[in-house]
Amino acid sequence: MKMRREHRTDRILKLLLRKGSITVEELVQALESSAPSIRRDLTYLESRGLIRRNHGGAALVEELLYEPFRFDTAFQTREQRFVREKRHIGIAAAELIQENETVGFTAGTTTTWVARSLRHRSNISIVTNAVNIGMELCNMPGLKVYLTGGHVRWPWSFSMIGPGAMQSLGDLFMDRLFLSVSGIDAQRGATTNEADEALTFRTMVRQAKQVVIVADSSKLGVVTASLICPIESVHVLVTDSNAPNEAVAPFEDRGIKVIQV
C-alpha cells in the first residue's frame, strides 16, 4: 500500500514539474487511479510542503517562494525564459543522482529546476552557493543542505560569491556538480558573465568528481566574458531537443556525454 502511494506521488511530482499545475481529472487519466486516491495523495504532498492544492487540482509551490519579486518584471522575464526546456532538463538531470551522494548546485535558473526535482528524494546531501536553492530544499526531510558562505552581489541572482564562498568549499567534496552557465563552447569551455561568480563556480568544479552542465540549447556554442572551466573538466551536458546535431556534435567529439530531452 505504502509503496503504491510512493509510486503515485513520485509520478504526480514529475507531472507537476513538467507542467507546473495539473487537475485531478488529468491525474486520474495519467495514473489510472481513482479520484479519491489522487485527492489523498495531493493532501499528503501538500502536508509535506511539496505542492499547493487549488480548486480541482494542484500546483507546485515555487511561485509562492519568490513573493518579494512578484512585481519585478526583469526578474519575471529571466525566470520565464526557456522555462519549458529548463523544466525538462531539470527532471532528466535529477535522474543522474543516486542515493547517498553529495551533490553540488551552482546558482542559476536551470540548476534550480534540477534541485526542485529532488524535493521528494531521500538520503542526498546538497552543497550550493544559491540562496534560493537552499531555501527551497531546507525543509525537505530526506535532504541535507549545506550553503556556502559569501555575499550576494547582483539583484535576484541568489548567487553567493567571494572569498567566504570559496573558503567554505575547501573541505567539501561532491560526487556530482550541476553547473549553470551563460555559454558553453567545445573549444573555449564553460563561461559566465561575471568574473567573481566564475571564480566561485570554478572552486566548485575542482571539488567535484563529475561535472554536469545543464544548459538550454540557446547557450550552446556561446562564449561569454569569464571562464568557469575548460571543456576537459566537463563530463555530461544535459540540454533540450531543440539543439541541432551540428551544435551537439562538437561536444560529443570531445568525449562529453550529451543528454537531450
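Residues numbered from 1 in each chain as written. Predicted model: local features only at pLDDT ≥ 70, side-chain atom pairs only at ≥ 80, totals over all residues. Heavy atoms only, no water.

Caption draft 1: How the structure looks around the overall build of the protein chain. Along its length, the protein chain carries eleven helices and 15 strands. Compactness check: the protein chain gives a C-alpha radius of gyration of 18 Å against a globular reference of 18 Å for 261 residues, within 12% of the reference. Seen through its C-alpha atoms, the protein chain measures out along the principal axes to roughly 55 × 40 × 40 Å. Taken over 261 residues, the protein chain has a buried fraction of 51%. Taking the intrachain contacts of the protein chain between residues at least 6 apart in sequence as the baseline, contacts between residues at least 24 apart amount to 62%. Per element, the accessible surface of the protein chain, about 12300 Å² overall, is 51% carbon and sulfur. The centroid of the 32 positive side-chain charges in the protein chain is displaced by 5 Å from the centroid of its 29 negative side-chain charges. (Helix = DSSP H or I, 4+ residues; strand = E, 2+ residues; numbered from the N terminus. Rg over C-alpha atoms; globule rule 2.2 N^0.38 Å. Buried < 20%, exposed > 50% of the residue type's maximum accessible area, 1.4 Å probe, protein only. Contact = heavy atoms within 4.5 Å. Areas by Shrake-Rupley, 256 points an atom, 1.4 Å probe, with all protein chains shown as cover. Lys, Arg positive; Asp, Glu negative; His and termini not counted. Charge placed at Lys NZ, Arg CZ, Asp CG, Glu CD.)

Caption draft 2: Examining the packing of aromatic side chains more closely. Here the structure, examined in full by the defined rule, presents one aromatic pair. Judged by centre distance (5.5 Å) and plane angle (20°), the rings of Phe-105 and Phe-178 are stacked. Here the residue Phe-105 occupies a position in strand 4 (residues 102–105), and Phe-178 occupies one in strand 9 (residues 174–179), the gap between them amounting to 73 residues. Judged by its relative accessible area of 0%, Phe-105 is buried. The ring of Trp-113 carries Arg-116 above its face, with NZ or CZ at 4.5 Å from the centroid. (Phe/Tyr/Trp six-rings, centres within 6.5 Å; stacked < 30°, edge-to-face > 60°. Lys NZ or Arg CZ within 6 Å of the ring centre and 35° of its normal.)

Caption draft 3: Fine view of the environment of Leu-13. Residue placement: Leu-13 occurs in helix 1 (residues 2–19). A sequence separation of 107 residues divides Leu-13 from His-120, and the C-alpha atoms of the two residues are 8.0 Å apart. Residues within four places of Leu-13 in sequence aside, it is in contact with Leu-45, Leu-50, Ile-51 and His-120.

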